[in-house]
Amino acid sequence: MCGIFGISGHPEAARMAYFGLYALQHRGQESAGIATFDGKHILNHAAMGLVPDIFDEHTLGQELRGDKAIGHVRYSTAGVSARRNAQPLAVRVRGVEIALAHNGNLTNAAQLRRELEDRGAIFQTNSDSEIFLHLIAHGLAGKTLEEAILNACGRVRGAYSLIILSQGKVMGLRDPHGFHPLAFGKVHRAGPDADAWVFASETCAFDLLEAEYIRDVKPGELLIVDGDDITSLKVPGADETPVRQCIFELVYFARPDSLVFGEDVYRCRKRMGMELAREAPTDAELVMPFPDSGVYAALGFAQEAGVPYEHAYIRNHYVGRTFIQPSQTMRDFGVRVKLNPVRSMIDGHRICMVDDSIVRGTTVRTRVRKLRELGVREAHFRVSCPPVTHPCFYGIDFSSSDELVAANHPLERLPGLLNLDSLHYLSIEGLLRSVSHPDHYCLACFDGRYPVPCGEACGGDCPAQGGDPA
């Protein structure tokens, strides 16, 4: 996951980055950081925790000066959850200061790290994002910054959306497959030369800042903002690389009020629910979502099925990211404090639950057990994506098939395992009918067709070493 943000040409760049990251907080809650350029040097502040806990008026107004800024919220998939891995990462090499914020995973990170260490590189983190900085630094000898970045892109494999701050420029970059999103826009301000340019993982950050969405950074594009000049360069091999955007962004990760990959996320999720209702109708008395991730698919399902839509589980929106569990005997406290059932909607009723995905199965089991205790007559479950049967090596947090319930149990046994009367997953065909460009998506977690060889990320024996045959 992770969320990245950048802005150029705004007198309060740090505050704008703060609010941009606030809108992207759903993409990462482990750490956050902002780096600014004050005209001479890059200033950086990053820490563990949520955005509002890390930054205050003094930090934003005094420490992080300048009209250019980049920011990052982190959800770790490579590298441990620790302060040293908080981003943006910043270095000074050959007189050039560079700060970088990364969303994605590099599949050849281990190999590149060994090569760089053999050449004398000293790593300060165990995040694959730092590999980019070392590759760029090595490439600066006799090259421009832009040439060094493009040369680094020619060395790495896997998924990366990057925002880079250096030499007074803010740059947005996506890998040739375009795995993860990166949008480009403009903040209109009064006065001549007053507009500011912005990058963000999702357009919901633009809405908060009242920025105009212009377009996505294209797969395999390096988009450079240098004052009022906008330059577009191509990553090596971009023209020959098929687009393979992560469809899980639309299924789960992105906020429903965002545009991602040119898609209206809200409408995509409703269409997934409608397709699901066509594939697996229900005679339940009501359709209920697991809030908040299942809400929009459940709306589409209920409308298509002609079944009343009800919130039979209520979410407590004031629950923090972490809390102290009272004792070992209350193992399910975390689930109960976040979601609480409406008993009158459950006792004696036939209920159809809709959620976006089942990954490990533990949460579903806990919630269905509670429904049984409350007297539900029938518990049916509909999932608005196909079974997750393969790990992801491109930045999604299921990197081992051992933790995937659909990979370790026959599908026909899952209803019994999860204590359900029926269970149906949306087909791959139904999922692709829910998006505008079905041939542009990575489906590896559903079908094992990996667009990029996994390398050592999967132990070196992955059947997808040859990559996507498409």
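Residues numbered from 1 in each chain as written. Predicted model: local features only at pLDDT ≥ 70, side-chain atom pairs only at ≥ 80, totals over all residues. Heavy atoms only, no water.

### As for the sheet that holds strand E20 (residues 350–355)
Selection criterion: Pairing between strands requires that DSSP locate at least two bridges from one strand to the other. For helices the rule is a DSSP run of H or I covering at least 4 residues; for strands it is a run of E covering at least 2, with both sets numbered from the N terminus onward. Working convention: axes come from line fits to C-alpha atoms, limited for helices to the stretch in contact. Angles between N-to-C directions cover 0 to 180 degrees.
Pairing in this open sheet of four strands is parallel, and the strands run E17-E20-E21-E22 from one edge to the other. Each edge of the open sheet is held by one strand with a lone partner, namely strand E17 (286–289) and strand E22 (422–425). Adjacent strand axes in the sheet meet at a mean angle of 20°, parallel and antiparallel pairs treated alike. The pairing of E17 with E20 spans four bridges and is parallel. Note on E20: the bridge partner recorded for Leu-286 is Ile-351.

### Things to note about the pairing of strand E9 (residues 183–187)
For clarity, the threshold we go by: Relative accessibility decides the category of a residue: with a 1.4 Å probe and only protein chains considered, values under 20% of the type maximum give buried, values over 50% give exposed, and everything between is partly exposed.
A large share of E9 lies buried, amounting to five of its five residues. What you see with E9 is no split at all: Ala-183, Gly-185 and Val-187 on one side and Phe-184 and Lys-186 on the other are buried throughout. Of the strand pairs in this sheet, E9 and strand E11 (residues 212–216) are connected by four bridges, and their pairing is antiparallel. Residue pairing across strands places Ala-183 opposite Asp-216, the latter belonging to E11. The sheet contact formed by E9 and strand E10 (residues 196–200) spans five bridges and is antiparallel. Residue Lys-186 lies in a different strand from E10, and its bridge partner there is Trp-197.

### Some details on the pairing of strand E13 (residues 229–234)
Alignment of strand E12 (residues 221–226) against E13, held across six bridges, turns out to be antiparallel. What sits directly across from Leu-222, in E13, is Leu-233. Here E12 folds back onto E13, and the loop between the two strands holds two residues, one of which, Gly-227, carries a positive phi near 65°.

### Things to note about the pattern of salt bridges
Definition in use: In the sections that follow, a salt bridge refers to a side-chain nitrogen of Lys or Arg positioned within 4 Å of a carboxyl oxygen of Asp or Glu.
What the rule picks out here adds up to 26 salt bridges. We note a salt bridge from Asp-38 to Arg-65, for which the minimum N-O separation is 3.7 Å. Note that Asp-38 is positioned in the loop between strand E2 (31–37) and strand E3 (42–48) and Arg-65 in the loop between helix H3 (57–63) and strand E4 (68–74), a separation of 27 residues in sequence. One network of salt bridges, with partners in common, ties together Glu-275, Arg-278, Glu-279, Glu-304 and Arg-433.

### Let's talk about the packing of aromatic side chains
Worth spelling out the cut-off: To pair, rings of Phe, Tyr and Trp, with the six-membered ring standing in for Trp, must have centres within 6.5 Å; the planes then decide the type, stacked if under 30 degrees apart, edge-to-face if over 60, and tilted in the middle.
Across all of its chains, the model carries 16 aromatic pairs by this definition. Aromatic side chains Phe-184 and Trp-197 sit 5.4 Å apart centroid to centroid with 5° between the ring planes, which places their arrangement in the stacked category. Of this pair, Phe-184 sits in strand E9 while Trp-197 sits in strand E10, and the two are 13 residues apart along the sequence. Across the pair, Trp-197 and Phe-184 agree in class, each one buried. With a centroid separation of 5.8 Å and an interplanar angle of 50°, the aromatic rings of Phe-248 and Phe-253 are classed as tilted. Across this residue pair, the class does not change: Phe-248 and Phe-253 are buried. Aromatic ring contacts, followed pair by pair, group Tyr-18, Phe-19, Tyr-22 and Phe-55 into a single cluster.

### Focus: the packing of helix H9 (residues 265–279) against helix H10 (residues 295–305)
Where we set the bar: Put simply, angles under 35 degrees are roughly parallel, angles over 145 are roughly antiparallel, angles from 65 to 115 are roughly perpendicular, and the rest are oblique. With the far helix as reference, a near helix turned anticlockwise by less than a right angle produces a left-handed crossing, and one turned clockwise produces a right-handed crossing. By definition, residues are in contact when any of their heavy atoms lie within 4.5 Å. Classification convention: Asp, Glu, Lys, Arg as charged; Ala, Val, Leu, Ile, Met, Phe, Trp, Tyr, Cys, Pro as nonpolar; all other residues, Gly among them, as polar.
Running from N to C, H9 and H10 point in directions that differ by 45°, and their axes come no closer than 6 Å. With respect to their mutual orientation, H9 and H10 come out oblique. Both H9 and H10 take part in a crossing whose hand is right-handed. Residues Tyr-266, Arg-269, Lys-270, Gly-273, Met-274, Leu-276, Ala-277 and Arg-278 of H9 form the contact with H10, whose participating residues are Tyr-296, Ala-297, Leu-299, Gly-300, Phe-301, Gln-303, Glu-304 and Ala-305. Looking at the contact of H9 with H10 residue by residue, the class counts come to nine nonpolar, three polar and four charged.

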